[in-house]
Amino acid sequence: MASLYLASASPRRSVLLSQIGVVHRQFACDVDEQVLPGESAEAYVERVTLAKVAAGQQRVAAEAAAVVLAADTVVVLDGRVLGKPVDQQQATDVLRSLSGREHQVLTAVAVASGERCELLRVDTTVFFRSLSEAEIAAYWATGEPADKAGSYGIQGLAAVFVQRIEGSYSAVVGLPLLETAGLLADFGIASWQPL
């Protein structure tokens, strides 16, 4: 069986792959993640994911049978991409804007081997309950929002903010497992491998 490489520094993506029994090796790929002027959230997340998978392929170019998986997740409110906060004020502003509203989480996944590359995107709608200023401040103090797109992690403490979702929970965490397992199977990488 081909070797699978996860071109991502995200510990959450690695845990999700392991959850469905996919043996893999992981490394980070440094790509430009700036949103281009006039670029839609959909185009942005797909472009960055393709850049990550291409960078991953370059890193393992000497291994002919290597399969590389990359993904990117963005939180979108009113068409605007909400990245990782630069400080407490930005995180507070973002969480205030998400309070009592719905927003979208877009996750693109690319799998590549040799000349072949397949890309898909999963869009999920997340509904937040209303948040108090005290809750927002307390949440920032936990440290969790600091490195999360949209200033929250659904798989962590912010789970108590989420009224419901429409779509894929695992995609909001960082990797849509149903769709990823299908993509990997097309490249000869099975789920439920003996670890």
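Note that the coordinates shown come from a computational prediction; the quantities given were computed from them, not determined experimentally.

A.B. asks: How should I be thinking about the UniProt feature "active site" (unreviewed entry) in the protein in this particular structure?
C.D. replies: Here the UniProt-annotated "active site" (unreviewed entry) positions come out as Asp-72. Looking at the secondary structure, you find Asp-72 in strand 3 (residues 67-77).

A.B. asks: Sorry if this is basic, but what is going on with the environment of Glu-33 here?
C.D. replies: As for its placement among the helices and strands, Glu-33 is situated in the loop between strand 2 (25-27) and helix 2 (41-59). Distance from Glu-33 to Val-45, taken between C-alpha atoms, is 9.0 Å for residues twelve residues apart in sequence. Among residues more than four places away in sequence, those in contact with Glu-33 are Tyr-44, Val-48, Lys-52 and Asp-72.

A.B. asks: What exactly am I supposed to notice about the UniProt feature "site: Important for substrate specificity" (unreviewed entry) in the protein here?
C.D. replies: Under the UniProt annotation, "site: Important for substrate specificity" (unreviewed entry) lies at Arg-12, Thr-73 and Gln-155. With the annotated positions falling across 144 residues, the maximum pairwise C-alpha distance of 13.9 Å places them together in a single cluster. Along the chain, Arg-12 turns up in helix 1 (residues 11-19). Looking at Arg-12, the relative accessible area reads 24%, which means it is partly exposed. Within the fold, Thr-73 resides in strand 3. Looking at Thr-73, its side chain comes within polar contact range of the side chain of Arg-13, at 3.1 Å.

A.B. asks: Teacher, can you tell me more about the packing of aromatic side chains here?
C.D. replies: For any two aromatic rings, the description comes down to two numbers: the centre-to-centre distance and the angle of the planes. Within the structure shown, the criterion is met by four aromatic pairs. Here the aromatic rings of Phe-128 and Tyr-152 are separated by 4.8 Å at their centres, their planes lie at 65°, and the arrangement is edge-to-face. With Phe-128 in strand 6 (residues 116-128) and Tyr-152 in the loop between helix 4 (133-141) and strand 7 (162-166), the pair connects residues that are 24 residues apart, well separated along the chain. Its relative accessible area of 1% is what places Phe-128 among the buried residues. Judged by its relative accessible area of 5%, Tyr-152 falls in the buried class.

A.B. asks: Teacher, can you tell me more about the side chain of Glu-144 here?
C.D. replies: Checked against the element boundaries, Glu-144 lands in the loop between helix 4 and strand 7. Although Glu-144 lies buried, it forms no salt bridge, and the closest oppositely charged side chain, Lys-148, sits 5.5 Å away as judged by the N-O distance. Among the polar contacts listed, one links the side chain of Glu-144 to the backbone nitrogen of Ala-158, at a separation of 3.4 Å. Once residues within four sequence positions are removed from consideration, Glu-144 is found in contact with Tyr-139, Gly-153, Gly-156, Leu-157 and Ala-158.

The rules behind each value
Along each chain, the written sequence defines residue order, and numbers are assigned to residues from 1. Predicted model: local features are reported for residues with pLDDT of at least 70 only, side-chain atom pairs are reported and counted for 80 or more only, and whole-chain, interface and lining totals are derived from all residues. Excluded from the side-chain calculations are hydrogens and water; all other atoms, namely the structure's heavy atoms, are used. UniProt positions are given in the numbering used here, feature names are shortened, and annotations may be inferred rather than shown by experiment. What counts as a helix is a DSSP run of H or I of at least four residues, what counts as a strand is a run of E of at least two, and both are numbered from the N terminus. When checking whether two residues touch, look at their non-hydrogen atoms; a contact exists if any pair is within 4.5 Å. When a residue's accessible area, from a 1.4 Å probe over protein chains only, is under 20% of the maximum for its type it is buried; when over 50% it is exposed; and in between it is partly exposed. Any pair of N or O atoms that falls within 3.5 Å is considered a polar contact. Within protein, one atom must be able to donate a hydrogen and the other to accept it, and sequence-neighbouring residues count only if both atoms are side-chain atoms. Working definition: a ring pair exists when centres of Phe, Tyr or Trp rings (six-membered ring for Trp) sit within 6.5 Å. Plane angles under 30 degrees give stacked, over 60 give edge-to-face, the rest tilted. Counted as positive: Lys and Arg. Counted as negative: Asp and Glu. His and the chain ends are not counted at all. What makes a salt bridge here is a side-chain nitrogen of Lys or Arg within 4 Å of a carboxyl oxygen of Asp or Glu, nothing more.

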